[in-house]
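# Structural overview
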Amino acid sequence: MVESERDLRCGDLEVGCVVSQPGNARFYRTGDWRSFRPVVDRAKCIGCGVCYLLCPDMAIRRRADGTFEADLYYCKGCGICAAECFTGCIQMVPEEE
Amino acid sequence: MGKRVGIEVSIAAADAVAMADVDVVAAYPITPQTHIVEHLSELVAEGELTAEFIPVESEHSAMSVCCGSSAAGARTFTCTSSQGLALMNEILFIVPSMRLPVVMILANRSLSGPLSIWNDHTDVMSVRDCGWVQLFVENGQEVFDHVLFAFRVAEARSVSLPVMINMDGFILTHVIEPISYWDKEAVERYLPAFEPVNRLDPDHPMTMGAFAMPGIYTEARKVQNDALIAAMPELIEAWEKMGELTGRCYRPVERYAVEGAETVFITMGSIGETVSIAVDRLRGQGRAVGLVKLRLWRPFPFDALREALKGVRRIIVIDRAISFGGPGGPVASEIRSALYGVEPRPEVLNMISGLAGRDVTPEDYIAMYETAMAAEQWKPEDYVVFGARE
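Read on for an overview of the structure. These numbers were taken from a predicted model, which means no experiment stands behind them. (Residues numbered from 1 in each chain as written. Chains lettered and ligands numbered in written order. Predicted model: local features only at pLDDT ≥ 70, side-chain atom pairs only at ≥ 80, totals over all residues. Heavy atoms only, no water.)

## Section: the pattern of salt bridges
Using the criterion set out here, one finds 28 salt bridges over all chains in the structure. Here Asp-129 of chain B makes a salt bridge to Arg-128 of chain B, at a shortest N to O gap of 3.1 Å. Here the residues in one salt-bridge network are Arg-42, Arg-61, Arg-63, Asp-65, Glu-69 and Asp-71 of chain A, joined through shared partners. (Salt bridge = Lys/Arg side-chain N within 4 Å of Asp/Glu carboxyl O.)

Next up, the structure:
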């Protein structure tokens, strides 16, 4: 599986440019679209999982300690988790900081 | 071979589609294509053809349905004209990019405005670059033959591209001509069962028509262009095979009385027959004039065209559309481009005529020839809108 479409040449494309291998969207690094990243204050997180449920890209995973964090390979920085968090434990921080 | 009958060309075209044992017909009626889909709907309703006839609500939907049914592995046909083609424009470009072998008859009609239902080639020229195999037929027999030809070529696994048959509206669609039908056995020998390269199948999921980022779009387009160009050998083989079966052999570029011709007309579609009458008369007067007919428009037959025009000094290209503000007509533009590197380069004069059903007679073509001969020097960009009252 290729990491980027820039690795593909004409001869690699299937007829009609079909994608015959299912599930390859997981290789797509949507995280590089991000300008803000979610930073979790673990002291305030109650582990309710509302961020996990509402993330439109399923980019949030549960940690061993019961709190949640974004997988920055996929997280586009939309901020829905921060907006929906009951405790306000998620801050959107500009990527350059 | 089968029976020879006097029949309306549209009805024969529909019969040919039925003989190809089509699985899905999705179409919306529009003049002058109506009789073709009307007859197909009758054949399905009467149980003579086992197929899904989908009476869609617009041509945009017609081509969308065709896209889906072809992707599911169904032999698929549609038919349209003019405004209908314009309405299906969006999907028209997607079908070849997905390499789906849909077959469509385009009953050529002028585009509005002014509103007109009559015949010229402005509709097809608006989609010149849509990526379909595009060919032109001259009479009813050629329509019938090319329906079977189109399915064979489109579905060939080495091609897997949609094919558009251009037939002149009214001039062909609404006339009764003697047409030799193929018998069932000949159709079976000529047209194998459709085995799609890709097929939508829940057991083998795949993505068709996916999004392409800038990093891959260029490659996708180059591959599509290469595929259309690479269809040429299959097209020629399918014509040769038809010649063996029926005795009628077609070529990408047809020649008529070109032996020793210094000047040739170039035509596309049904006017070839009218021009051949003019050529016969001029030959009778000792004029060295011939006729070259472009059957194949995409992929453009560069080599066959240059071969057919060898030794020709002057070319009169008949266009049935205007490229507004451009170099005249689209056909002349392509011919000039094809001949740019030829030494000595023939002169090209472009005559735009026969717009929206305006009758053009053999006498008119003779007048065009005289006009062309009277011109001392032709400028490369010269074109004449023939017969326009100024």
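That covers the picture; the talk isn't over yet.
## Observations regarding the packing of aromatic side chains
Residues and elements named next belong to chain B. This model, assessed by the stated rule, comprises 8 aromatic pairs over all chains. Measuring from ring centre to ring centre gives 4.8 Å for Phe-300 and Phe-302, while their planes differ by 55°; the resulting arrangement is tilted. Through a chain of ring-to-ring contacts, three or more aromatic side chains come together here, namely Trp-297, Phe-300 and Phe-302. The ring centre of Tyr-340 lies 4.5 Å from the NZ or CZ of Arg-345, which sits over that ring. (Phe/Tyr/Trp six-rings, centres within 6.5 Å; stacked < 30°, edge-to-face > 60°. Lys NZ or Arg CZ within 6 Å of the ring centre and 35° of its normal.)

## Overview of a negative patch on the surface
All names here are of chain B. The grouping of Glu-38, Glu-42, Glu-46 and Glu-48 at the surface amounts to a negative patch. The topology assignment puts Glu-46 in the loop between helix H2 (34–45) and strand E3 (52–55). Exposure remark for Glu-46: the relative accessible area of 56% places this residue in the exposed category. (Patch = residues over 30% accessible without salt bridge, like charges linked within 9 Å, V, L, I, M, F, W, Y side chains within 5 Å. Areas by Shrake-Rupley, 256 points an atom, 1.4 Å probe, with all protein chains shown as cover. Lys, Arg positive; Asp, Glu negative; His and termini not counted. Charge placed at Lys NZ, Arg CZ, Asp CG, Glu CD. Helix = DSSP H or I, 4+ residues; strand = E, 2+ residues; numbered from the N terminus. Buried < 20%, exposed > 50% of the residue type's maximum accessible area, 1.4 Å probe, protein only.)

## As for the interface of chain A and chain B
In this complex, chain A contributes 14 residues to the contact, which on the side of chain B involves 17 residues. The three residues of chain A that bury the most area against chain B are Glu-5, Cys-10 and Val-15 of chain A, which together make up 34% of that side's buried surface. Viewed at the interface, chain B and chain A are joined by 0 salt bridges. Inspection of the region where chain A meets chain B yields 2 residue pairs in polar contact (both at pLDDT 80 or more). Here the residues of the side of chain A that touches chain B sort into 9 nonpolar, 2 polar and 3 charged. (Contact = heavy atoms within 4.5 Å. Buried area = accessible area lost by both parts, 1.4 Å probe. Polar contact = N/O pair within 3.5 Å; in protein donor to acceptor, adjacent residues only side chain to side chain. Nonpolar A, V, L, I, M, F, W, Y, C, P; charged D, E, K, R; others polar.)

## Notes on the environment of Glu-219 of chain B
Inspection of the secondary structure assignment puts Glu-219 of chain B in helix H10 (residues 214–229). Under the relative-accessibility criterion, Glu-219 of chain B is labelled partly exposed at 21%. The contacts of Glu-219 of chain B, once residues within four sequence positions are left out, are Leu-8, Arg-9, Cys-10 and Leu-13 of chain A.

## Focus: a nonpolar patch on the surface
Residue and element names in this part refer to chain A. Among the surface-exposed residues, Tyr-52, Leu-53, Leu-54 and Ile-80 lie close enough to one another that they form a single nonpolar patch of about 390 Å² accessible area. When residues of the nonpolar patch are assigned to their parent elements, the largest contribution, 3 residues, is made by helix H1 (residues 50–54). Tracing the backbone through its elements, the reader meets Leu-53 in helix H1. The class of Leu-53 is exposed, set by a relative accessible area of 65%.

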